Amino acid sequence: DAMVIQNPRYQVTQFGKPVTLSCSQTLNHNVMYWYQQKSSQAPKLLFHYYDKDFNNEADTPDNFQSRRPNTSFCFLDIRSPGLGDAAMYLCATSTGTEVYNEQFFGPGTRLTVL
Amino acid sequence: GDSVTQMEGPVTLSEEAFLTINCTYTATGYPSLFWYVQYPGEGLQLLLKATKADDKGSNKGFEATYRKETTSFHLEKGSVQVSDSAVYFCALSDRAGYSTLTFGKGTMLLVSP
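In every chain, residue numbers begin from 1 and rise along the written sequence. Here every chain gets a letter starting at A, and every ligand a number starting at 1, in the order they are written. For this predicted model, a pLDDT threshold of at least 70 governs which residues receive local features, and a threshold of 80 or more governs which side-chain atom pairs are given and counted, while totals over whole chains, interfaces and linings are taken from all residues. Hydrogens and water molecules were not included; the side-chain quantities draw on all heavy atoms of the structure.

A. Representation of the overall build of chain B within the structure. Regarding its fold elements, chain B presents zero helices and 12 strands. Listing each helix as α and each strand as β along chain B from the N terminus yields β-β-β-β-β-β-β-β-β-β-β-β. Each of the three principal axes of chain B carries a C-alpha extent, and together these read 45 × 30 × 20 Å. Within chain B, the fraction of its 113 residues that count as buried is 45%. Working rule for contacts: check all heavy atoms of both residues, and any pair within 4.5 Å makes them a contact. Sequence separation of at least 24 residues holds for 56% of the intrachain contacts in chain B that already meet a minimum separation of 6. In this description a helix means any DSSP run of H or I spanning at least four residues, a strand means any run of E spanning at least two, and both kinds are numbered starting from the N terminus. Categorising residues by exposure relies on relative accessible area from a 1.4 Å probe, with only protein chains included: less than 20% of the type maximum marks a residue as buried, more than 50% marks it as exposed, and the intermediate range marks it as partly exposed.

B. Focus on the environment of A:Met32. Structurally, A:Met32 is set in strand β4 (residues 31-37). A sequence separation of 14 residues divides A:Met32 from A:Leu46, and the C-alpha atoms of the two residues are 11 Å apart.

C. Representation of the sheet that holds strand β9 (residues 75-77) of chain B within the structure. Residue and element names in this part refer to chain B. We call two strands paired when DSSP finds no fewer than two bridges between them. Strand order in this open sheet of four strands is β3-β9-β8-β7, and the pairing throughout is antiparallel. The sheet is open, and its two edges are formed by β3 (19-21) and β7 (56-59), each paired on a single side. Geometrically, the sheet is characterised by an average inter-axis angle of 15° between neighbouring strands, direction not taken into account. Bridging between strand β8 (residues 62-65) and β9 involves three bridges; their strand directions are antiparallel. Looking across to β9, one finds that glutamate 63 is bridged to glutamate 76. Axes here refer to lines fitted to C-alpha atoms; in helices the fit is confined to the stretch in contact. Angles between the N-to-C directions go from 0 to 180 degrees.

D. Spatial organisation of the packing of aromatic side chains. Pairing of aromatic rings covers Phe, Tyr and Trp, the last through its six-membered ring, and needs centres within 6.5 Å; plane angles under 30 degrees mean stacked, over 60 mean edge-to-face, and all others mean tilted. Here the structure, examined in full by the defined rule, presents 14 aromatic pairs over all chains. Both rings, one in A:Phe105 and one in B:Phe103, keep their centres 6.4 Å apart while their planes meet at 65°; by these two values the pair is edge-to-face. Of this pair, A:Phe105 sits in strand β10 (residues 104-105) while B:Phe103 sits in strand β11 (residues 101-103), each in a different chain. Judged on exposure class, the residue A:Phe105 and its partner B:Phe103 are both buried. Taken together, the aromatic side chains of A:Tyr33, A:Tyr35, A:Phe105, B:Phe34, B:Tyr36, B:Phe89 and B:Phe103 make up a single cluster linked through ring pairs.

E. Local environment of the side chain of B:Asp84. Residues and elements named next belong to chain B. Summarising the element assignment, aspartate 84 is placed in the loop between β9 and β10 (86-93). Looking at aspartate 84, the relative accessible area reads 7%, which means it is buried. In this structure the side chain of aspartate 84 is engaged in a polar contact, spanning 2.7 Å, whose partner is the side chain of lysine 77. With sequence-adjacent residues up to four places away left out, aspartate 84 is seen in contact with Phe62, Lys77 and Leu109. We define a polar contact as two N or O atoms separated by no more than 3.5 Å, with the added condition that, inside protein, one atom must be a possible hydrogen donor and the other a possible acceptor, whereas residues neighbouring each other in sequence contribute only through side-chain atom pairs.

F. Summary view of the sheet that holds strand β7 (residues 64-67) of chain A. All names here are of chain A. Reading across the sheet, the four strands line up as β1-β3-β8-β7 and stay open at both edges, with antiparallel pairing between neighbours. The strands lining the two open edges of the sheet, one partner per strand, are β1 (4-7) and β7. Taking the axes of each pair of neighbouring strands and ignoring which way they run, one obtains an average angle of 20° across the sheet. As paired elements, β1 and strand β3 (residues 19-25) share four bridges and run antiparallel to each other. For isoleucine 5, the partnering residue across the bridge sits in β3 and is serine 24.

G. Fine view of unusual backbone geometry. That bond from A:Asn7 to A:Pro8 is cis: its omega, -15°, falls within 30 degrees of zero. Secondary-structure assignment places A:Pro8 in the loop between β1 and β2 (10-13). Geometrically, the link from B:Gly9 to B:Pro10 is a cis peptide bond, its omega value of 0° lying close to zero. On the secondary structure map, B:Pro10 appears in the loop between β1 (3-6) and β2 (11-14).

Below is the structure:
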């Protein structure tokens, strides 16, 4: 089945220790998104790629970076995680061309910062 | 800018009760509207969608009608089940093709046997 895969599902890191979260998709979609979701809140868009074009949200901290080496993969790098970065990180994709702009979400990676 | 307002939860119901979760929006133009559901510990799943005024989206017994005159997209289900317990997010996309989603804050639904 075509899908959005996130690894790992659970990640524990130490304060200040860089961490990378991974997302892959078999949908061949043009657009990939990264969201941060804290407890009992709506997902907050961090950035997205349309093909190789990177789009950063204005309020995304510099501590968060992303890479998209090819259509299928996208990575979220947190350079120096703080306690406030503990959250669920959601990856999503969309075609970028259809009328509905439906986004397909992965299961998420829950990040714990010690 | 665009915004989505949902009723605050949690909404607590008994099994087989009728469900309504209110959602209203503010947007320029003619947005597409969505309901996403998030089960505990999981990502978001699209529940239903509507792309123009008076469209009704439906799936798994859930329905929502795009009401342009009241800028609303309320979610309804005639008879909820325990397995419907989840968080429900209303969202909009403000133009066709490539755009980002604007989410509401989410409404938790708890259904007891």
